[in-house]
Structures are given as structure tokens and as C-alpha cells.
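Here are the chains, one letter per residue:
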Amino acid sequence: MQLSPSQVIVLATPVFLLMIAAEIGWGLWRGRNTYRLNDAINSISLGMLSQISAVLTRLFRIGIYTAVYGWVSVWHADEFWTSPIGWLLALVFYDFCYYWLHRAGHEVAVFWAAHVVHHQSQDYNLSTALRQTSSGALLGWIFYLPMAVAGVPPLVFGIVALIDLLYQFWVHTEHVGKLGWFDRVFCSPSNHRVHHAVNDRYLDRNYGGILVVWDRLFGSFKEEDEKCVYGTRAPLDSWDPLWSNAEVYWALAKDSWHAKAWADKLRVWIKPPGWRPADVAARFPKPPFSIEGVRRYHPPMTAAMAWFAGLQFIAILGGVALFLWHADALPVAQSAVWLAALTAALWAVGAAMQGRMGMLEVLLVQAAALATATSAQGLVDLHRLFKPLAMLLAIAFVLTRAGGLLRDTLLLLAALVLCLAGDVFLMFPGYFIPGLVSFLAGHLCYLALFRQGVPWLPSRRALAATLGAAVVMYAVLFPHLDPVLKVAVAAYALVIALMAAQAIGRATVLRDAAAVGVAVGAGFFMLSDALLAINRFAQPLPMAQFWVLATYYLAQVLIVRNAQPAPAAAAQAQPANSSPALLGGMTPR
């Protein structure tokens, strides 16, 4: 039985976890624990996200490598490369290429944007080793093309890449000191601690994956001789795995956008990290780094939330392992669906640990993700479980958040109950009209809810835009509808257009993040219904169930989170550095 790289990672995972448990036990016994639950979950979650996304990005590494190997390799000698000396040479060759990729990851901004994920933790332990990027494969393959040109077979390349990666796990620990001669030749815990430090004397040093000889040859070696401070010089301050992968790309994109000179717009991406055009630095200054000012990010978390996050983490880890074991046999579309569902689950747990979401909200997001995935995969029985469960959780969230049965709460609950009825009707053949009527009544409740505190339809532009979109959609559907549906769909299109116009107009009046969240949710409702109608009556769409339900649940979550005022006590408990906006906001930067 030949194992895929993903399956090897699945089999290695229990070993990783046992070693992490042993390190925790050792640290507790020695009175020097180097772990925090939130940081460890975040690091391993980023490792999970990296592995599940690699199922889709593997083309950039293995696919392009295989193509170059087949087209331009100068020496085909599989017998040599699969001999003991060939395997050893291939591993050294790979480590040499890895050294230059790793060095570029610290010296070129666009490569740092991918690599920064691995350095964001302010702790240094074995869980940090699993903290990996999800975007590194997009450009990292370039550095391994010399191996393809030299004729190293793709199978050999894949195996030595895995060996190089697995070797680096054990060096992420503070519990192993200096190792004498070993430190002078190999990447070791001492050498790699230097690499992860933000101290001035340690910055951008010790890039070797297995061999530190490369650093000695090319002038990037530094011996550990003072206490290391870990993290990055622009702290992430978040447990959001998506933001972790996107933060530097976003910062570079903003600097590139604001730069006046076209050359500077390009230089932002290829200069060393931290370089900024003079005009951008003057308009948008950032404080200089001071190691004395480094503060560990550690938002408070109740014991109940810690247990919840831990159990969620274990469940998601099981789901990721199951997906990775079967990933290579799945079509790309199915892999993409499960990638989206697992990513949503990981994101929600990170938001909960950060204090941006409660337990019910996490369960709502996860039930919605599972309802979407099971529908897209044709898992009918599971879909019939998760689809109503998602809306029941939304109703429960509204009830627990309500300060009383006020008019807005009653309207929101009525809308959700009617949407739940519509969901149930649409799960069974022959109940399309009852489902349509239920959603029509639900949208009328939303329309009345969005009227609270503002005039009817306060933005004529919004009304014109939504009615125009409804007219276009109806014109597309009209030839495909029977007489009864022509009337029903016309009424439905009018009501949802008015609902969206009211939500958008409300946002133009109130001008706050919650109102904008509701407006965006209403827009996603229109999009979801349009996709559903086109797929059902006009033209079958690829992955229709996924897109219809993904946009539907995004709309519901946005509206549920933002349409109802938070209780005063909850508002006072809101952390000062968090935002209630949209899906929980992001840590301001």
C-alpha cells in the first residue's frame, strides 16, 4: 500500500500529539511550562488549515515540478536517485533549495507574507512546529525547479520534502539546550530558537532546515547567546487562522495601493519586510519596534470556554484526519467543499477563544457549514439533520441574547421560525410552494424588523438597485415558469428586493457596523435566492447547492448577529480591542 503525503501526515499526527503531551508534562514537572491552550490550539489549527488547503495547492508544488521534470530535465536516472547515495544526495539537494526559499521568506516581502504564519506565535514549543502557511505553495515551488531540471524524480522529491519537513518538528522546543558539535552541523533546538527570535542580534538568522552548514557558508548563522523573545515585530494579536494567513498580504496591498510611484507599488512586494515607500510611511506612520514593549497576546477565556474550545479542537482534528485520509481520492469540487466547511469550523473556534463569538454562535456556524457540505455532497440524511439544526441554533442564540421579548426580538424570531419552516419544506420534493410562502413571510418579518428606527425605504438608490436586480432576475426566469409560479415568484422577488433595499437604506442612515452587517446579509439573501431560482428553473449551475446554501447561511449569520442589539451587560463586557462588526470583527491594526 502506497501512502500519499496527506496520509503520512495523518499517521504522524498521533506521534506529534504524544510528543506535545510529553513536552507539556516535562515542562509542568520542571516548573517551566511553555504552553498556553489558546496559542497551542491556534498553532495546530493553522497546521490543519495548511494541510487541508495543500490538497488543492499541491499542483503548484508537485504538478509544476512534474511538468518541468518531464520537459526539461537534463538527466533521467531513476536507478541512481533511488539508490542509497541518490536518496541522500536528493535530501541534501532539497535542503539546499529549502535554505534559499526560507531565506527569501525573510528577505522578500511577498515570501514573508506566506512564511510569517510560522513565526506569529509568541510561544516556542512543539505545537509551534505545526504552525504552517496555507499560501506558501503559490510561489515556493520556484526554488525547487533546479531539482526538476537536474532529473530528481517527482516521487523522490516528494519523499525527501516530507523527510525535511518532519525533521524540523523536534527542534521547536525550549527544553533541549545546546548539543555541542551537533549544533555546528545541523539545525538544532538552540539554532532554531535563534531563528524564531525577534531580538536585534538574532533577526533573520539560521535558515537551514536539516543542515545549518548552509548558514555558515552563506553568512546567516548566529549562535544562541541571550534569551530569545519570540513572535514577529508586528504582532498578530489574533487567534483567527484566516487573518493569520492574510495579514501581511493585506498590509502590502494597502501600502502598494497608497504608494504614488508605480515603481514603489511593485517594490513594496519585493523589498525586505518592513520596507515602505517614503510617502506611504509619512502618511501612515507605524511605531518603531521596541523589544521592551513586547506584550504577550492572551485575551481572557473562561474555564467553560476553554473546555469548549478544547473539545471543539479534538472534534475538528478528527474531521481533518478523516478528510486528509481520503482527500487524494476525492474530486477537486468535493475537496473544496470540505475545505470550506473545515475552515469555517476552525475560524469559529478561533473567534470564540478571542472573545468575539459565544458557544452557540460557534455551533451555529459549524451546523451551517455541515448543512452546506452535506447538501453539496448529496448526504441527504445528514443534511436533514444539520439544516434545521442550524436555524434552531440561530433561534436559541437570539433568545439567549434578548433583553426581553421586545418588538425587534419578536420580529427576528418570527423571521427565523418562518425560514426554518421554509428550510424543512424545501428539503422534501413537492413542497416548493409552501417553502416559497414560508420564506416570503419570513422576508416580510425582516422587512418590518429593518424598519425599526428608520423611515421606510430611506435610500432611493438602494431601492432602484434592488428592484432593478429583481426585474432582471424575473425576466431571466419568466420563460421557464408556469402560470402559478409566475405570480408566486414575482411576489417573492418584489418582497426580497424591498427587504434588501430597506436594509441597505437603514445602513445609510445609521452608518454603524451592525447596520452594514445587516445590509450585507440582505444582499447575500438576494444572491442566494437568485442562484436557487436560476439553478431550479433556468440553467443548472456547477456546485449549485454549495453556493446557494453558503450564501444563505452567511446572510442568516450576518443578520442574526447584527440585527438585534446586544444586552447592556454584554456590551460592557466587550473587550476594548475587539470589534462587534459583521462576523465578529477583527483586531484593529
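My aim in this report is to walk through the structure given alongside it, one point at a time. All of these numbers come straight from a predicted model, not from anything done at the bench.

What follows covers the overall build of the chain. Assigned secondary structure in the chain consists of 26 helices and zero strands. For 589 residues, the compact-globule estimate of 2.2 N^0.38 gives 25 Å, and the C-alpha radius of gyration of the chain, at 27 Å, lies within 12% of that figure. Expressed as lengths along the three principal axes of its C-alpha atoms, the size of the chain is roughly 80 × 55 × 55 Å. The contacts in the chain between residues at least 6 apart in sequence include a share of 74% that link residues at least 24 apart.

This paragraph deals with the packing of aromatic side chains. All chains considered together, the criterion is met by 32 aromatic pairs. Centroid distance tyrosine 124 to tyrosine 230: 4.9 Å. Interplanar angle 15°. Geometry classified as stacked. With tyrosine 124 in the loop between helix H5 (109–119) and helix H6 (126–129) and tyrosine 230 in the loop between helix H12 (213–218) and helix H13 (241–258), this pair connects stretches of sequence that are 106 residues apart. In this structure tyrosine 124 comes out as buried when scored by relative accessible area, which is 0%. Note on tyrosine 230: relative accessible area 9%, which makes it buried. Grouping aromatic residues by their ring pairs yields a cluster made of Phe96, Tyr99, Trp100, Tyr207, Trp214 and Phe218. The lysine or arginine in question, lysine 265, covers the ring of tryptophan 262, its NZ or CZ lying 5.5 Å from the ring centre. Across the ring face of phenylalanine 478, the terminal group of lysine 486 is positioned such that the distance to the ring centre comes to 4.2 Å.

With respect to the helices, strands and loops of the structure, valine 495 is situated in helix H23 (residues 483–510). You can call valine 495 buried: its relative accessible area is 11%. C-alpha separation for the pair valine 495 and leucine 467, spaced 28 residues apart in sequence, amounts to 9.6 Å. If we skip the residues at most four places from it in the chain, valine 495 touches Leu440, His443 and Leu444.

The residue methionine 526 is located in helix H24 (residues 513–538) in this model. Among all residues touching methionine 526, those that are not within four sequence positions of it are Thr466, Ala469, Ala470, Ile496, Ala497 and Ala500.

Attention now goes to a nonpolar patch on the surface. Residues Trp71, Val72, Val74, Trp75 and Val149 make up a contiguous nonpolar surface patch of about 570 Å² in total accessible area. In this fold, tryptophan 71 is placed in helix H2 (residues 37–72).

Here H5 lies mainly inside the structure; 11 of its 11 residues are buried. Those residues of H5 lying buried are Ala109, Val110, Phe111, Trp112, Ala113, Ala114, His115, Val116, Val117, His118 and His119.

Here the focus is the nonpolar core. The nonpolar side chains of a soluble globular protein tend to be buried with one another. Of all hydrophobic cores here, the largest spans 51 residues; its most connected members are Leu416, Tyr446, Phe450, Met499, Phe525, Tyr552 and Tyr553. Within the residue set of this core, elements represented by two or more residues are helix H18 (359–376), helix H19 (380–401), helix H20 (407–426), helix H21 (432–450), H23, H24 and helix H25 (544–562). The element contributing the most residues to this core is H21, with nine residues. Excluding its chain neighbours within four sequence positions, the residues that come into contact with leucine 416 are Met391, Ala394, Ile395, Val398, Tyr446, Gln556 and Val560. By size, the runner-up hydrophobic cluster in this structure holds 32 residues, among which are Val10, Val55, Phe169 and Ala309.

Among all residues except glycine, the phi angle is most often negative; among peptide bonds, the trans geometry is most common. Non-glycine residue aspartate 204 carries a positive phi angle of around 60°. The backbone phi angle of leucine 457 is positive, close to 45°, even though this residue is not glycine. Along the chain, leucine 457 falls in the loop between H21 and helix H22 (460–477).

What follows covers the side chain of glutamine 354. On the secondary structure map, glutamine 354 appears in the loop between helix H17 (332–353) and H18. The class of glutamine 354 is buried, set by a relative accessible area of 5%. In terms of polar contacts, glutamine 354 uses its side chain to reach the side chain of tyrosine 297, at 3.5 Å.

A pair can form between side chains of opposite charge whenever their charged atoms are brought close. For the coordinates displayed, the defined rule picks out 15 salt bridges. The partner of aspartate 39 in a salt bridge is arginine 36, and the shortest N-O contact between them spans 3.8 Å. Note on aspartate 39: relative accessible area 2%, which makes it buried. Glutamate 224 is the salt-bridge partner of arginine 193, the closest N and O atoms lying 3.0 Å from each other. Of this pair, arginine 193 sits in helix H11 (residues 189–196) while glutamate 224 sits in the loop between H12 and H13; the two residues are 31 residues apart in sequence, bridging distant segments of the chain. Taking relative accessible area as the criterion, arginine 193 reaches 5% and is therefore assigned buried. Under the relative-accessibility criterion, glutamate 224 is labelled buried at 14%. A single network of salt bridges, built from pairs that share partners, joins Arg36, Asp39, Asp123 and Arg296.

Packing of helix H4 (residues 84–107) against H5 leaves a shortest axis separation of 6 Å and a crossing angle of 100°. As the angle between them shows, H4 and H5 are arranged roughly perpendicular. Of the residues in H5, those touching H4 at Leu101, His102, Ala104, Gly105, His106 and Glu107 are Ala109, Phe111, Trp112, His115 and His119. Among the residues forming the contact of H4 with H5, the class breakdown is five nonpolar, five polar and one charged.

Each disulfide consists of a covalent bond between the sulfur atoms of two cysteine residues. Enumeration according to the criterion identifies zero disulfides in this entry. Its sulfur unpaired, cysteine 97 is 17 Å from the next cysteine sulfur, which belongs to cysteine 187. The exposure class of cysteine 97 is buried, given its relative accessible area of 4%.

Attention now moves to the environment of alanine 90. On the secondary structure map, alanine 90 appears in helix H4. Since its relative accessible area comes to 0%, alanine 90 is described here as buried. Expressed as a C-alpha distance, the spacing of alanine 90 and leucine 549, which sit 459 residues apart in the sequence, is 47 Å. With residues up to four places along the chain from it excluded, the contact list for alanine 90 reads Trp81, Met147, Val152, Val156 and Val160.

So, about the packing of H20 against H25. Two elements in contact, H20 and H25, have axes separated by 12 Å at closest approach and are oriented at 165°. On the basis of their axis angle, the class for H20 and H25 is roughly antiparallel. Regarding H20 and H25, the two cross each other, and that crossing is left-handed. Here Leu412, Leu416, Cys419 and Asp423 of H20 lie close against H25, whose contacting residues are Tyr552, Gln556, Ile559 and Val560. Considered class by class, the residues forming the contact of H20 with H25 number six nonpolar, one polar and one charged.

The rules behind the values
- Residues numbered from 1 in each chain as written.
- Predicted model: local features only at pLDDT ≥ 70, side-chain atom pairs only at ≥ 80, totals over all residues.
- Heavy atoms only, no water.
- Helix = DSSP H or I, 4+ residues; strand = E, 2+ residues; numbered from the N terminus.
- Rg over C-alpha atoms; globule rule 2.2 N^0.38 Å.
- Contact = heavy atoms within 4.5 Å.
- Phe/Tyr/Trp six-rings, centres within 6.5 Å; stacked < 30°, edge-to-face > 60°.
- Buried < 20%, exposed > 50% of the residue type's maximum accessible area, 1.4 Å probe, protein only.
- Lys NZ or Arg CZ within 6 Å of the ring centre and 35° of its normal.
- Patch = residues over 30% accessible without salt bridge, like charges linked within 9 Å, V, L, I, M, F, W, Y side chains within 5 Å.
- Areas by Shrake-Rupley, 256 points an atom, 1.4 Å probe, with all protein chains shown as cover.
- Salt bridge = Lys/Arg side-chain N within 4 Å of Asp/Glu carboxyl O.
- Core = buried A, V, L, I, M, F, W, Y, C linked by side-chain atoms within 4.5 Å.
- Polar contact = N/O pair within 3.5 Å; in protein donor to acceptor, adjacent residues only side chain to side chain.
- Axes fitted to C-alpha atoms, helices over the stretch in contact; angles between N-to-C directions.
- Parallel < 35°, antiparallel > 145°, perpendicular 65-115°, else oblique.
- Nonpolar A, V, L, I, M, F, W, Y, C, P; charged D, E, K, R; others polar.
- Disulfide = S-S within 2.5 Å.
- Left-handed = near helix turned anticlockwise from the far one by under 90°.

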